[in-house]
Amino acid sequence: MLTDRLASYLRDLKGRIIGDRWLGHYHRERLTVICYHRVWPVGDPRFAGYKPTISASPEVFAQQIDYIRERHNPISACDLARWLDGTGTLPPRPALITFDDGYRDNADIAWPILRKRNVPAVIFLATDYIGTGRAFLWDFAAYCFANCKMTSLEIPLIGATNLASESQRDAATIAWVEAAKLLPGALRDEAMATLAAALGVAMPGPDAFQHLYMDWTDVRRLSQEGVEFGGHTHTHPILTRLPLDESCAEIDVSIERLTAALGTRPRTFAYPNGSAQDFGIDHEETAKRAGISMAFSLEPGPVPLAQVRARPMAIRRIYVGERDSLPRFIAKVNGAARLGEMLHRPNRFFAVRPSENGPGLNRGRAS
Ligand SMILES: [Zn+2]
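For clarity, every value in this text was computed on a predicted model and none was experimentally measured.

## A short note on the overall build of the chain
Looking only at helices and strands, the chain has 15 helices and 13 strands in total. Sorting the 367 residues of the chain into buried and exposed places 43% on the buried side. Counting contacts in the chain only where the partners sit at least 6 residues apart, residues at least 24 apart contribute 70% of the total.

Structure (structure tokens):
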């Protein structure tokens, strides 16, 4: 793998003055924003939800954060906002840690690790899932596939499917989620009910999922402890898959709910799914009108500070998934994902505005 080769190259560089100097120079004028979803212990007996949402075990997460502390300067969203509005400066090699969706393990597992190390964090909430026990489409699918007693059947959206082994179930779950998350709102709910019926699984109640998501008490506690919360829409649709007025309402509702719960207006937002084709300039403008000053995509970073200033409503991030061992993480933080983007999509590498991505680039990735 390219990333593994690059990781070993970077490891070889470690300790060499020339390598450290080169990386120091590379990052000096760049912002590194890391995107996590969940930090979940290996072997936890509780229902784990959709496996691709697990970004790291607590041990690997702590190693990654220690690397960031060693090589970068962790900053808060407040630091970034002050730099953007000209009332503050950034340290060299600034890095911001973010989490998407609002999983409870952010509060119970990730935040204590960060707090102990004095590293700030931003959590982006899809507000309809906070304190309701309502399941995200992907966790709902994971539950249904995990509880299906059949070993092969015809499944709506994905056709004839083998479910005999755990890996076949995992692959089927990903295939169904990838197909279903492209559906607009009401059809997504219908597809979930149809899936449960097809797999012969009784519709799970909120109890099946409550341990996975934060409630508003968690959110308020973390907010008081210094975690910043941002919007991530209300029901987590892919914005460009909805009529414009509905997609803009999704942004507004999440910001209103957060404002009501915390008593202050959020200043950050992250686009669901986050690739260039998943949001548009209208969504950037809507978020800005609602008081958001920094919004984040999932196009790969790190990003030059000049680009952050030029387009603060579409700041790139580095996506971290469970496959990202420490060497892969280091490679990504040092630009491997952007290098991969340049090799695969050279025409997009220098593009600043959203444009077309090839289909399937985010397949099997949390959003
Ligand atoms: Zn998300």
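Moving on from the coordinates now.
## As for unusual backbone geometry
With glycine set apart, most residues show a phi of negative sign, and most peptide bonds adopt trans. The omega torsion of the bond from G301 to P302 falls at 0°, within 30 degrees of zero and hence cis. Mapping P302 onto the fold places it in the loop between β11 (294-300) and β12 (303-304). The backbone of D101 sits at a positive phi, close to 95°, despite the residue not being glycine. In the Ramachandran plot, T233 falls in the positive-phi region, its phi being about 70° despite a non-glycine side chain.

## Points about helix α10 (residues 244-262)
Between the first and last C-alpha of α10 there are 28 Å, a value that for 19 residues agrees with the 27 Å anticipated at 1.5 Å per step. At the exit of α10 stands G263, carrying a positive phi of roughly 80°.

## Here we look at the pairing of strand β1 (residues 30-36)
Of all the seven residues making up β1, seven are buried; the element is thus mostly covered by neighbouring parts of the structure. What you see with β1 is no split at all: R30, T32, I34 and Y36 on one side and L31, V33 and C35 on the other are buried throughout. Two elements, β1 and β12, share two bridges in a ladder whose sense is antiparallel. The partner of R30 across the bridge, within β12, is P304. Across five bridges, the pairing between β1 and strand β5 (residues 94-101) is parallel. When the bridges of β5 are listed, Y36 appears paired with F99. With two bridges joining them, β1 and strand β13 (residues 315-319) adopt parallel strand pairing. Within β13, the position partnered with I34 by the bridge is I318.

Scoring rules and cut-offs
- Residues numbered from 1 in each chain as written.
- Predicted model: local features only at pLDDT ≥ 70, side-chain atom pairs only at ≥ 80, totals over all residues.
- Helix = DSSP H or I, 4+ residues; strand = E, 2+ residues; numbered from the N terminus.
- Buried ≥ 20, exposed ≤ 12 C-beta atoms within 10 Å, placed from the backbone.
- Contact = placed C-beta atoms within 7 Å.
- Expected span 1.5 Å × (residues − 1).
- Pairing = 2+ DSSP bridges.

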